[in-house]
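Below, each chain spelled out in residue letters.
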Amino acid sequence: MTLSSLKQLLYPSATLIFLLVLCYFFPATANSYIDKWSKFDESLGHGFLIFAIVIFEIFRLSRSFSYKKDKNRHYLLLVVILLSILIEVSLFLDILIFQQFGLYFLWLTIICYILGFNYVKHISFPLLFLLFAVPFWEFSNTFFVDLTTQAVTFFLGFSDLTVFIYNNYIETPFGVIVVAEGCSGIRYFEIGFALAVYAVHGENISWRLKLLVIITGIALGIITNWIRVLGLIYIGYWSEMKSPLMTEHDNYGFVLFFIVISGVILLLNYLTKRYSFEKASPKLTQFKVLSINKMMLIKMAVVITVLILMTLITAKKLSIALPVTIESPATNVLDSSKLLSSFGSFSETIESQDVANKKCHLITRTYNFVVPGDDVLPYKEVISSEYYSTIASTDKSIQINGEAIATKSLKLSARYKKDIAELYYWYQYADYKMTNKYIAKLFEISYLFDDKDKMSLKVIWCP
């Protein structure tokens, strides 16, 4: 075996080994990726499929890599150290996006330092393609919620349905439909974008036509969600909100997405046959067309397989999901395990509390200190995401026993009922009250000197 052929196998293997080593040294950051990818009904549910394509492309492209000597790269050691520090600081401050980007760029830097810039340039497509699995896309979720609401409002203007629309609430005579975060369509946007980019990669057409295919994929992803929400409104209207699709509509959305996004494959197939670059001799032209068609078939197979897998996984998940019953907020019995995250070790008390002439519940969770620096409170997820989704979050001051307390106010939507609820919470350490989780996290330092005072989470729940 030649040195070149050996490197074609060793280089991609080493690339993945570097990633595994980083995951070992930064398990919390690595788990944050896996946690996001495992939630198939949220925006990053396609993460595992993106990662599988990245691995496939790294090994495929490495077969054609020819080793070239690189320049001295020892200065990258400083970048490795700085990125490692960034991840550690972000872990302490609980800034998740810095952790995830830090791990990604640290991986790229290590590949550059050990394997060289030439190799990174050669496999640049799968390395950049992995960005579709980094959760920074979630920051645009609010934009897509507003976009979907505006589009649905526009199209409902041409219908004869009796509806009242306020912000992202669509009120019908039979109930209220909320265009919440799960209905934003960001995942269809991401998947349509990613599949279009992967489909046009390596095709022998101009960059303008590639851009056309990518824009088409993005547009069809967004339009799919508009059609999905409009369809749910009509189904809810005609069934008087009794259709099962009003509670479980992910499977319906992906089947619809599979049908609509097929237009990208048809468009690319048309453009490849008509506008691909084949200007050489007849024999060479025939060879190029054969090669292009073969590659096109492979990509079509990959794209279609991905879409079918996503639909089957969603269907499987919905079929094994046990029926969940959520207690109505109007009941006197409060099940805090369904309302709040069960993260951490804590003791809990629930007592009655009057707030603005309302009978409310005050939930106090006092968290047990375990290890300095570890999360002792559910900073990342106060509310149980299994039962509720957060529609809006604002800062609000409330009066409790004549004392004004600054709180974080959350508007919640029950996942299995169309109930809208509101609660207030703050963190408390001794007599110090705060709503900023980063400030609260800094109080963990005090545990190093005196662990008698415990951090607590205070929640006001008004039925």
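The structure we're discussing is the one just above.
Since we're looking at a predicted model, the values are computed, not measured.

Engineer: So, the sheet that holds strand 1 (residues 164-166): which residues are in play, and what are the values?
Structural biologist: Read across the open sheet, the three strands follow the order 1-2-3; overall the sheet is antiparallel. Only two strands of the sheet have a single neighbouring strand rather than two, namely strand 1 and strand 3 (175-178). Along the sheet, successive strands turn relative to each other by an average axial angle of 20°, direction set aside. The sheet contact formed by strand 1 and strand 2 (residues 169-172) spans three bridges and is antiparallel. Paired with phenylalanine 164 across the two strands is glutamate 171, which belongs to strand 2.

Engineer: Account for the pairing of strand 6 (residues 388-400), with residues named and values stated.
Structural biologist: Relative to strand 7 (residues 403-414), strand 6 runs antiparallel, the two being bridged by 12 bridges. Of the residues in strand 7, the one forming a bridge with serine 397 is alanine 406. What sits between the antiparallel neighbours strand 6 and strand 7 is a turn of two residues, in which asparagine 401 has the positive phi angle 55°.

Engineer: Tell me about the environment of threonine 148, and name the residues and values.
Structural biologist: As for its placement among the helices and strands, threonine 148 is situated in helix 8 (residues 141-156). We classify threonine 148 as buried; its relative accessible area is 1%. On a C-alpha basis, the gap between threonine 148 and isoleucine 222 in space is 8.3 Å, while along the polypeptide they are 74 residues apart. A polar contact of 3.2 Å, which involves the side chain of threonine 148, links it to the side chain of asparagine 225.

Engineer: Which residues make up the pairing of strand 3, and what are the values?
Structural biologist: Bridge count for strand 2 against strand 3 is four bridges, and the pairing is antiparallel. Looking across to strand 3, one finds that isoleucine 170 is bridged to isoleucine 177.

Engineer: Would you mind going over the packing of aromatic side chains in detail, with residue names and values included?
Structural biologist: Using the criterion set out here, one finds 28 aromatic pairs in the structure. Taking the centre distance of 5.9 Å and the plane angle of 35° together, the rings of tryptophan 37 and phenylalanine 51 count as tilted. With tryptophan 37 in helix 2 (residues 27-38) and phenylalanine 51 in helix 3 (residues 47-62), this pair connects stretches of sequence that are 14 residues apart. Taking the relative accessible area as the measure of exposure, tryptophan 37 reaches 9% and is therefore buried. The class of phenylalanine 51 is partly exposed, set by a relative accessible area of 21%. On the numbers, 6.0 Å between centres and 20° between planes, the contact of phenylalanine 101 with phenylalanine 105 is stacked. Residue phenylalanine 101 and its partner phenylalanine 105 are both found in helix 5 (residues 96-115); the two are separated by four residues, about one turn of the helix. Relative accessible area serves as the criterion here: at 21%, phenylalanine 101 is assigned to the partly exposed category.

Engineer: Describe the layout of surface pockets, and please don't skip the residues or the numbers.
Structural biologist: Space inside the second largest pocket adds up to approximately 330 Å³. Surrounding the second largest pocket, 17 residues form its lining, Leu19, Cys23, Tyr33, Trp37 and Phe51 being those nearest its centre. Only helix 1 (3-25), helix 2, helix 3 and helix 5 provide two or more residues apiece to the lining of the second largest pocket.

Engineer: Could you give an account of the nonpolar core, with specific residues and numbers?
Structural biologist: Grouped together as the largest cluster of nonpolar side chains are 69 residues, with contacts concentrated most on Trp107 and Phe129. Here this core takes 12 residues from helix 9 (residues 186-200), the largest share from any one element. Grouped together as the second largest cluster of nonpolar side chains are 24 residues, Leu410, Ala421, Leu423 and Val459 included.

About the cut-offs
- Each chain has its residues counted from 1, running along the sequence as written.
- Whole-chain, interface and lining totals are the exception, using all residues; otherwise, since this is a predicted model, local features are given only for residues with pLDDT of at least 70 and side-chain atom pairs are given and counted only at 80 or more.
- To obtain the side-chain values, all non-hydrogen atoms of the structure were used and water was disregarded.
- Think of it this way: DSSP has to see at least two bridges between two strands before they count as a pair.
- Secondary structure counts use DSSP, requiring at least four H or I residues in a row for a helix and at least two E residues in a row for a strand, with both numbered from the N terminus.
- Here, axes are lines fitted to C-alpha atoms. For helices the fit covers the stretch in contact, and angles between N-to-C directions go from 0 to 180 degrees.
- Remark: exposure states derive from per-residue accessible area (1.4 Å probe, protein chains only) relative to the maximum for the residue type, with buried under 20%, exposed over 50%, and partly exposed in between.
- Whenever two N or O atoms come within 3.5 Å, that pair is a polar contact, provided that in protein one can donate a hydrogen and the other can accept it, and provided that, for residues adjacent in sequence, both atoms are side-chain atoms.
- Classification of ring pairs uses Phe, Tyr and Trp, with its six-membered ring standing for Trp, and accepts pairs whose centres are within 6.5 Å; under 30 degrees between planes counts as stacked, over 60 as edge-to-face, and the remaining range as tilted.
- In the cavity and pocket records, a cavity denotes points on a 1 Å grid over the protein atoms alone where a 1.4 Å probe fits but cannot get out, a pocket denotes an open set with protein on both sides within 12 Å along at least 5 of 7 lines, and lining residues are residues with an atom within 4 Å of a point.
- Grid points are joined across faces, edges and corners, and a volume is the space filled by probe spheres set on the points.
- Buried residues of nine kinds, namely Ala, Val, Leu, Ile, Met, Phe, Trp, Tyr and Cys, make up a nonpolar core once their side-chain atoms join them within 4.5 Å.

Everything listed here is a matter of geometry and, on its own, says nothing about what the molecule does.
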